[in-house]
Amino acid sequence: MNGRGEAARSLKFRFATAALAGSLAACTAPGPAPDATIATLPVVQVGATPSSDGDYVVFFPAGFSFPVELDASGTLFAAETRVETRATLARDLYVYRYWASHDGATWKPSHELLGVKFDGGLDVKGLKVRISVDDGE
Amino acid sequence: MKSMLSLSILSLSLLSGCAGMRPPSADTLATLPVVTYPETPLAGDYVYRLPAGQPIEMRVLIDGSVLAGGVDQTVSASLARDLYLHRQWASEDGRTWVAAEKLVGVNLDIALPSYEMPGPGRIHLTVDRLVGSGTSQ
């Protein structure tokens, strides 16, 4: 076995992810999506101003590029680090309160439509944090 | 109301599954070579040192089928104190060792754009030195 590779593999300090399931469970919607109510609401594209004070559905179109702020802080660090980057949606996404939809007609609890997974750890290249957002359909 | 596309991974810890094991003796670990980041270990066992004040790379990846364009961003952060690592053990002085999750606490907070927060997404990684861990100061 290659000595360097063996050494690199042995230095894997991974983050435990057991807490993730509990965190997602806490996001459970209070019940089935109120389809009839949602169907009556105006759809407002992200960035636009709602025409009234009432409730509405937020629409994120495919290709929408949204900013993501990355912020690393804590007492282990000498200073806070903050950068801003962007991510782009592959599919249309409609969001209303606890529920989300890709077509504006079929709704699911957000945590079921969007499966978020976290993995991270420390190796000889430094700290690595990976967040995967997959379709839960 | 809290956004349903927001989740917080509380109290993520390094190798929490190893809690309860006895830490190695300082004499045992004192015989091992100390490899200091960003040096790469060549072969055999070793103690890995993350030096205070030196930029350490943190790679943040965000991907998945929901995204057409993800994030692959590397940022640097510096530690406030030296940190020594050996397998699941950690130390601030290279002599007194404790389970890593008792010395370093990791919290990751993720908020995707949503109905309640149609602005930027936010990823906040907090890494804290856990006070009262019993390590030498």
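Thresholds, definitions, all that
- Residues numbered from 1 in each chain as written.
- Chains lettered and ligands numbered in written order.
- Predicted model: local features only at pLDDT ≥ 70, side-chain atom pairs only at ≥ 80, totals over all residues.
- Helix = DSSP H or I, 4+ residues; strand = E, 2+ residues; numbered from the N terminus.
- Buried ≥ 20, exposed ≤ 12 C-beta atoms within 10 Å, placed from the backbone.
- Contact = placed C-beta atoms within 7 Å.
- Pairing = 2+ DSSP bridges.
- pLDDT = per-residue confidence, 0-100.

**Here's the deal with the overall build of chain A**
Phase 1: A tally of helices and strands in chain A yields 4 helices and 10 strands.
Phase 2: Out of the 137 residues belonging to chain A, those deemed buried represent 27%.
Phase 3: In chain A, 39% of the contacts between residues at least 6 apart in sequence involve partners at least 24 apart.

**Examining the overall build of chain B**
Phase 1: When helices and strands are tallied, chain B shows 2 helices and 11 strands.
Phase 2: Helices and strands appear in chain B in the N-to-C order β-α-β-β-β-β-β-β-β-β-α-β-β.
Phase 3: Burial statistics for chain B: of 137 residues in total, 36% are counted as buried.

**Here we look at the sheet that holds strand S3 (residues 57-60) of chain A**
Phase 1: The sheet built from 5 strands is open, its strands ordered S2-S3-S6-S7-S8 (chain A) with mixed pairing. With one partner strand each, in any of the chains shown, strand S2 (43-45) and strand S8 (108-109) of chain A form the two edges of the open sheet.

**What about the pairing of strand S10 (residues 126-135) of chain A?**
Phase 1: With 10 bridges connecting them, strand S9 (residues 114-123) of chain A and S10(A) associate as antiparallel partners. Opposite Gly120(A), over in S10(A), you have Val129(A) as the bridge partner.
Phase 2: The hairpin formed by S9(A) and S10(A) contains 2 residues between the paired strands.
Phase 3: As paired strands, S10(A) and strand S4 (residues 55-63) of chain B are joined by 6 bridges and run parallel to one another. Bridge pairing links Val129(A) to Val60(B) in S4(B).

**A few points about the confidence of the model for chain A**
Residue and element names in this part refer to chain A.
Phase 1: Mean pLDDT for chain A: 77, with 77% of residues reaching 70 or above.
Phase 2: When pLDDT is averaged over each helix and strand of chain A, the minimum, 34, is found for helix H2 (residues 18-25) and the maximum, 94, for helix H3 (residues 35-39).
Phase 3: Within the model, pLDDT remains below 50 along residues 1-12, and this stretch shows 19 contacts once partners closer than five positions in the same chain are excluded.
Phase 4: Counting interchain partners and residues more than four positions distant, the pLDDT-below-50 stretch residues 15-27 has 27 contacts.

**Notes on unusual backbone geometry**
Of all residues except glycine, most have a negative phi; of all peptide bonds, most are trans.
Phase 1: Cis geometry is adopted by the peptide bond preceding Pro38(B), which originates at Tyr37(B) and carries an omega value of 10°.
Phase 2: Not every positive phi belongs to a glycine, and Arg97(A) is a case in point at roughly 45°.
Phase 3: Relative to the elements of secondary structure, Arg97(A) occurs in the loop between strand S6 (93-96) and strand S7 (99-101).
Phase 4: Phi is positive for Arg87(B), which is not a glycine, with a value near 50°.
Phase 5: Relative to the helices and strands, Arg87(B) is located in the loop between strand S7 (83-86) and strand S8 (89-91).

**Digging into the environment of Ala68(B)**
Phase 1: Tracing the sequence through the fold places Ala68(B) in strand S5 (residues 67-69).
Phase 2: What Ala68(B) contacts, discounting residues up to four positions off in sequence, is Gly63(A), Thr88(A), Leu89(A) and Ala90(A).

**Considering the confidence of the model for chain B**
Residue and element names in this part refer to chain B.
Phase 1: Residues with a pLDDT of 70 or more make up 77% of chain B, whose mean pLDDT is 77.
Phase 2: Least confident of the elements in chain B is strand S1 (residues 6-13), whose mean pLDDT is 41; most confident is strand S2 (residues 34-36), at 93.
Phase 3: Long-range and interchain partners of residues 1-19, a stretch whose pLDDT sits below 50, account for 67 contacts in this model, where long-range means more than four residues apart.
Phase 4: Interface predicted TM-score (ipTM) for the complex: 0.71; the corresponding pTM is 0.70.

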